[in-house]
Amino acid sequence: MNKLIFDIKDLNSSSDKFFILDKWYEKLLEIPHNNKFNLNYLNDYKFSVEKEKKSIKEVNEIYEKLLQEITVELNKLHKVNWSTKAWRIFIGPWLSRFIAVIYDRTEIVLPLLENSNIDCSKQVKIGSFVPLSSNTMRDFTDKTLKKVWNDKLFCRIIYLLKTGDFNNEENLNSCNNLKFENYKTVLVYYFSFFLFFISKVITYPISFFNKFVFYKSYFGNFFQLSRLIFKLNDIPFKYSIKFFDNFIVKKNFDKKFRSKLDLFENSSNIKEKITRLLLIECLPTIYLEGFSNLDKITKSSFFPSRKKVIVTFNCWKDNIFKFWLAKQSNQGSKIIYGQHGAGYGTNLDHYAEKHELKISDNYLSWGWQKGEKILPLGDFSTFKKKNCRYQNNKKILIASGNVNIFKYNNIIHNKHEMILKQQEINEFLDNLDLNKINSLDFKEHPNDNRRDFSTLKLIKTSKVNLNIINLGNNFEKILDRYELIIYPYQFATPFLKYLNLNKPSISLFDENFLNEDVKKDFEPLFDVKILHKSSKEMAIFLNQNFENMQSWWKDQKTQSARINFCDKYIKKNIDFEFLIESLKEQEKQLYK
């Protein structure tokens, strides 16, 4: 018998042929290398940038199509008249992720349609009754990163493919039993409502008078932000307050309410058909059942009701600011959005960049420019900061990245990422000269706890002594302890930021993820060995330069490559007069 398995417990010593989804999925099962099972793969996945780009384009097309339909349906459901742009702000980031996830997982199990000899009856049975709903985009994303939830989704899709039964009643009923809301969340809601109202009364003169709203704008410290606001003839006020930022409305799933949505369509494209069916179930409750509560608490908050010029560098979280921003967009407010991470302006099909450009009237980049909308001002978080002092102490820190086994966004993703990263980190450590380097500090990524695997778990070698450093998100605090920072993953945000502050750094980098027109800008960084194409090459470089890293880093060629690159992609000197002029121009257009 040929049997599809999702769990190592389903393996036995019989003569059965066992099928698993692919080689990358085998790593998740943690099957011993010396196993004697008859293992086979349902897929033979091979990574291709071109194939990924084609997949991204396919998802983008259905995303834009569904966004238009959702605009009509949700306006009708919530009795509002929001524009497509407003819904793009509020629901767009989740919708794009959802479609990318469903298309990807469907593609993985599609071979089962052609192969009737594989027994997947267990998956069909599970898939007939398994709830998939979530409360927010963060909740949904966390689930898509884990094997447990993905196995449920695979089972649901297999059920649909094998039975052709697109009646979703039982699963919608099962979602009704999931509880996101309880008496504690209700108490928090009313307590927050009270605090929001008090803050509204206290700050009303400011919110009424000011023509600008600054939220998570990252313009240095509050003193620097205040100076900027004064120059705009406004009263300094910071709208991003931690308690209010973190408040999330929680509501339970309501099948009856969702039955009013008319989004299912008997499409000839099986991936689209499955997406439309699951969309009604998977839409996070904050966008549907929680909409009314969000609206009420936003009206009671210190966020102004009149249209404004809004400056923000972050509106991804499903909090009241994001809801308020969508409403303000609908009223005609101007949105000035700022870059808040690496990869913008350089990476292939950068979803965040495309989304933020679509919802903004002006975009503040760290230095790159594409079109008139983008203002290449620089990175405000490193503005006026002193360069890092050189530490000649031979201490080295490895700052690791995430291991994304499952695709969770509409981005280029290699399913063999876990296999690849395991090879890379172990190859790097195995090729170090132990006579020179026998001890390294290692910092895990703060988001590793959201995933099944981390880089640390993939390390097999015991040759090098690794000291685990755990300081959460406070990366800057420990920088001065080290002579060199090593980033064993693609173009990390801290790599770019601290490269700008002249912190000695090297990084593993795959130029295949870059837009063709920017590759030439990265060549000098490869030439001076700041960037490396392989982990073995990076280890050999470290062996050769360990005793004289200072002379390498301070060499004119190294510094010239660093400075020229940063001048284009993360400028340190910011033209505030140009920024003020641009903001006032948006103010003039808003109130003309």
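Scope of this entry: the structure provided in the associated data block.

Criteria and cut-off values
- Residues numbered from 1 in each chain as written.
- Predicted model: local features only at pLDDT ≥ 70, side-chain atom pairs only at ≥ 80, totals over all residues.
- Heavy atoms only, no water.
- Pairing = 2+ DSSP bridges.
- Helix = DSSP H or I, 4+ residues; strand = E, 2+ residues; numbered from the N terminus.
- Buried < 20%, exposed > 50% of the residue type's maximum accessible area, 1.4 Å probe, protein only.
- Contact = heavy atoms within 4.5 Å.
- Axes fitted to C-alpha atoms, helices over the stretch in contact; angles between N-to-C directions.
- Polar contact = N/O pair within 3.5 Å; in protein donor to acceptor, adjacent residues only side chain to side chain.
- Parallel < 35°, antiparallel > 145°, perpendicular 65-115°, else oblique.
- Nonpolar A, V, L, I, M, F, W, Y, C, P; charged D, E, K, R; others polar.

Side note on the sheet that holds strand 1 (residues 2-4)
Sheet strands associate in pairs through backbone hydrogen bonding, adopting either a parallel or an antiparallel arrangement. Taken in spatial order, the 4 strands of this open sheet run 3-2-1-4, and their pairing is parallel. With one partner strand each, in any of the chains shown, strand 3 (38-41) and strand 4 (118-119) form the two edges of the open sheet. Bridge analysis of strand 2 (residues 17-20) against strand 3 gives 4 bridges, and the strand direction is parallel. From the neighbouring strand, Phe18 faces strand 3, where its bridge partner is Leu39.

Some words on the side chain of Ser96
Structurally, Ser96 is set in helix 3 (residues 84-109). Judged by its relative accessible area of 0%, Ser96 is buried. When neighbours within four sequence positions are excluded, Ser96 is seen to be in contact with Val59, Tyr63, Tyr351, Asn409 and Asn410.

Let's talk about the sheet that holds strand 7 (residues 334-338)
If you walk across this open sheet you meet the 5 strands as 5-6-7-8-9, and the pairing is parallel. Both edges of this open sheet fall to strand 5 (212-215) and strand 9 (374-376), since each of them pairs with a single strand only. Neighbouring strand axes in the sheet, compared pairwise and without regard to direction, differ in orientation by 20° on average. For strand 5 and strand 6 (residues 309-312), the ladder comprises 4 bridges, and the chain directions are parallel. By the bridge assignment for strand 6, Val213 is matched with Ile310. Of the strands in this sheet, strand 7, strand 8 (362-365) and strand 9 are in contact with helix 16 (residues 351-359), which crosses strand 7 at around 155°.

Digging into helix 10 (residues 222-231)
By the burial criterion, the buried members of helix 10 are Gln224, Leu225, Ser226, Leu228 and Ile229. For helix 10, the side-chain oxygen to backbone nitrogen distance between the N-cap and Phe223 is 3.2 Å, and the N-cap itself is Asn221.

Re the packing of helix 14 (residues 291-299) against helix 15 (residues 320-331)
Packing of helix 14 against helix 15 brings their axes to within 10 Å, and their N-to-C directions diverge by 85°. Accordingly, the angle class assigned to the pair helix 14 and helix 15 is roughly perpendicular. Facing helix 14, whose interface residues are Phe291, Leu294, Asp295, Ile297, Thr298 and Lys299, helix 15 presents Ile320, Phe323, Trp324 and Lys327. Residue composition of the contact of helix 14 with helix 15, grouped by class: 6 nonpolar, 1 polar and 3 charged.

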